[in-house]
Amino acid sequence: MADCHQILLARSRILPFFGLFFGFVLPLSAQHSASPIGYVTIGSSARVGPPAVLASGCFVGDGKQFVTVLGFGIGPETRDLAIHGFDGPELPASFLAQDPQTGLVLLEVPSKEAAGLTLGESKGLGIGTPLRIGGSAVRRTMLGEPRNVPAVNVGGSQMRNARLVGYEISHRGRAFPLRHLLVAQPDARTATMPGTPVLSEKGTLVGLVHGMTNQPPGTCFVLPSEAIAKVQSCYARDGMVSPAWVGLVVDTGRNTPVVLELRADSPAALCGILPGDVICAVADRSVRSVSDLVDACYYLNLDTPVDLALIRGTEPMAVSLTPGRMPTLKTKAKPSLYPVSTGGEEQ
């Protein structure tokens, strides 16, 4: 059983791949140019030598914000954050906000000459769609990437050919807070840093690498561009990013999104949803499976009413629900990665 809340991911397990990259050292020759793609580093006055690389990422929109994926030890109090690219000075960066469900982070850079990448749409991409995934001489230096990987040049950084091979909502029994893209790389031996941009053939940003998997070998879990847009929207509206709570519990053991139970005094309970109801749509998102429901609930906003379509028995119904702030969990159990409660998890 799992609860449908917008669930806070277990911080020790959310992004297990971060351990692969903490402590990498950026070569002294790697600096910033007009490329929208770069690396987040952290240093300190007590540190000897070049700063450590935390993740990759990219500038978006007008170039004043840099998006990446970081572990949860980074926050507003973190000092000495900087963005490095190619052939230019490092740019000091300040922490703006982090999504507590995915680790997506917005950083602010006071001055930036080049425009950022344009956010594209991932939800319309079909299986087999060709993509481009970030790479560079800097990353090759750190990870020993082969030099013969097919690549194209985007603003000074190398982009390797890749392909969308699927969509995933969980991995090894652990649920994600939203649907991820599964993207195959040309060389299964190549590791890819969290935050590495994934582009469409038109050059729009369709996602950021969230982690690696060996099923199949060398593929990446990619956070969709819609998640980036949500984080930007939440920060612009509220100055922070907080998960929206619904309070449904659905069964992950089956495909149909049937409500098992509702949390007491939750938005779902207060709007009239009952156990046994089948959720058919959330706002303008059609819901045909539990994974559809999880994905739809991730994009809900605090205190913003939304219409839900459901079937009770044989009768179609509609209810209006206003997501609230997730209450503090009073259990010692590890929280699920699902934003909706599934198999007993809270949404």
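Our structure's up above, just so we're on the same page.
Bear in mind that the values here come from a model prediction, so they are computed numbers and not experimental data.

The subject of this paragraph is the environment of aspartate 307. Of note, aspartate 307 is situated in strand β22 (residues 306–312). Judged by its relative accessible area of 52%, aspartate 307 is exposed. Taking C-alpha positions, aspartate 307 is 6.8 Å from alanine 318, a pair spaced 11 residues apart along the chain.

All right, on to helix α4 (residues 290–298) then. With eight of nine residues buried, α4 is to be regarded as a mostly interior element. The complete set of buried residues in α4 reads Val290, Asp292, Leu293, Val294, Asp295, Ala296, Cys297 and Tyr298.

One non-glycine residue with positive phi stands out, namely aspartate 80, at about 65°. Among the secondary structure elements, aspartate 80 is positioned in the loop between β5 (65–69) and β6 (81–84). The partly exposed category is assigned to aspartate 80, whose relative accessible area is 42%. One non-glycine residue, alanine 283, lies in the positive phi region at around 55°. Summarising the element assignment, alanine 283 is placed in the loop between β20 (278–282) and β21 (285–286).

What follows deals with helix α2 (residues 225–238). Taking 1.5 Å per residue, 14 residues should reach 20 Å; α2 reaches 20 Å between its end C-alpha atoms and fits that length. Buried residues of α2: Ser225, Glu226, Ala227, Ile228, Lys230, Val231 and Cys234, and no others. Contact partners of the buried residues in α2: β5, β9 (104–108), β13 (174–184), β15 (205–213), β16 (219–224) and α4. Downstream of α2 by a residue or two, glycine 239 has a phi angle that is positive, lying close to 75°.

So, on to the pairing of β22. When β20 meets β22, the two strands line up antiparallel, connected through four bridges. The residue of β22 that forms the bridge with isoleucine 279 is leucine 310. Here β22 pairs with strand β23 (residues 315–321) via seven bridges, running antiparallel. Residue isoleucine 311 lies in a different strand from β23, and its bridge partner there is proline 316. Following β22, the chain reverses through two residues before pairing antiparallel with β23; glycine 313 in that reversal takes a positive phi of roughly 70°.

Before going further, it helps to spend a moment on the packing of aromatic side chains. Overall, the coordinates contain three aromatic pairs when judged by the stated rule. Ring centres of phenylalanine 59 and phenylalanine 66 lie 5.0 Å apart, and the angle between their planes is 80°; on these two criteria the pair is classed as edge-to-face. Each member of the pair, phenylalanine 59 together with phenylalanine 66, is buried. Aromatic pair phenylalanine 176 and phenylalanine 221: ring centres 5.0 Å apart, planes at 70°, arrangement edge-to-face. Of the two residues, phenylalanine 176 is situated in strand β13 and phenylalanine 221 in strand β16; the sequence distance between them amounts to 45 residues. Classification of phenylalanine 176 as buried rests on a relative accessible area of 10%. A residue is classified by how much of its surface remains accessible, and phenylalanine 221, at 6% relative accessible area, is buried. Just above the ring of tyrosine 298 sits the side chain of lysine 230; from NZ or CZ to the centre is 4.3 Å.

You can see threonine 192 is positioned in the loop between β13 and β14 (197–199). Residue classification places threonine 192 among the buried residues on the basis of a relative accessible area of 1%. At 2.4 Å, the side chain of threonine 192 forms a polar contact with the side chain of glutamine 185.

Okay, the nonpolar core next. By size, the foremost hydrophobic cluster in this structure holds 25 residues, and its most contacted members are Ile273, Val282, Leu308 and Leu321. Contributions of two or more residues to this core are made by β18 (248–250), β19 (259–262), β20, α4, β22 and β23. Of the residues forming this core, the biggest block, five residues, is contributed by α4. Apart from residues no more than four positions distant in its own chain, leucine 308 is found in contact with Ile273, Ile279, Ala281, Val282, Met317, Ala318, Val319 and Leu321. Counting residues in hydrophobic clusters, the runner-up holds 23 residues, among them Val67, Met159, Leu199 and Leu208.

Next up on the list: the layout of surface pockets. In this structure, the second largest pocket occupies an estimated 260 Å³ of space. The wall of the second largest pocket is formed by 14 residues, among which Lys123, Arg179, Arg285, Asp295 and Tyr299 lie closest to the centre. Every element with two or more residues in the lining of the second largest pocket is listed here: β13, β21 and α4. At three residues, the largest contribution of residues to the lining of the second largest pocket is made by α4.

Procedures and definitions
- Residues numbered from 1 in each chain as written.
- Predicted model: local features only at pLDDT ≥ 70, side-chain atom pairs only at ≥ 80, totals over all residues.
- Heavy atoms only, no water.
- Helix = DSSP H or I, 4+ residues; strand = E, 2+ residues; numbered from the N terminus.
- Buried < 20%, exposed > 50% of the residue type's maximum accessible area, 1.4 Å probe, protein only.
- Expected span 1.5 Å × (residues − 1).
- Contact = heavy atoms within 4.5 Å.
- Pairing = 2+ DSSP bridges.
- Phe/Tyr/Trp six-rings, centres within 6.5 Å; stacked < 30°, edge-to-face > 60°.
- Lys NZ or Arg CZ within 6 Å of the ring centre and 35° of its normal.
- Polar contact = N/O pair within 3.5 Å; in protein donor to acceptor, adjacent residues only side chain to side chain.
- Core = buried A, V, L, I, M, F, W, Y, C linked by side-chain atoms within 4.5 Å.
- 1 Å grid on protein atoms, 1.4 Å probe; cavity = no way out; pocket = protein on both sides within 12 Å on 5 of 7 lines; lining within 4 Å.
- Points joined across faces, edges and corners; volume = space filled by probe spheres on them.

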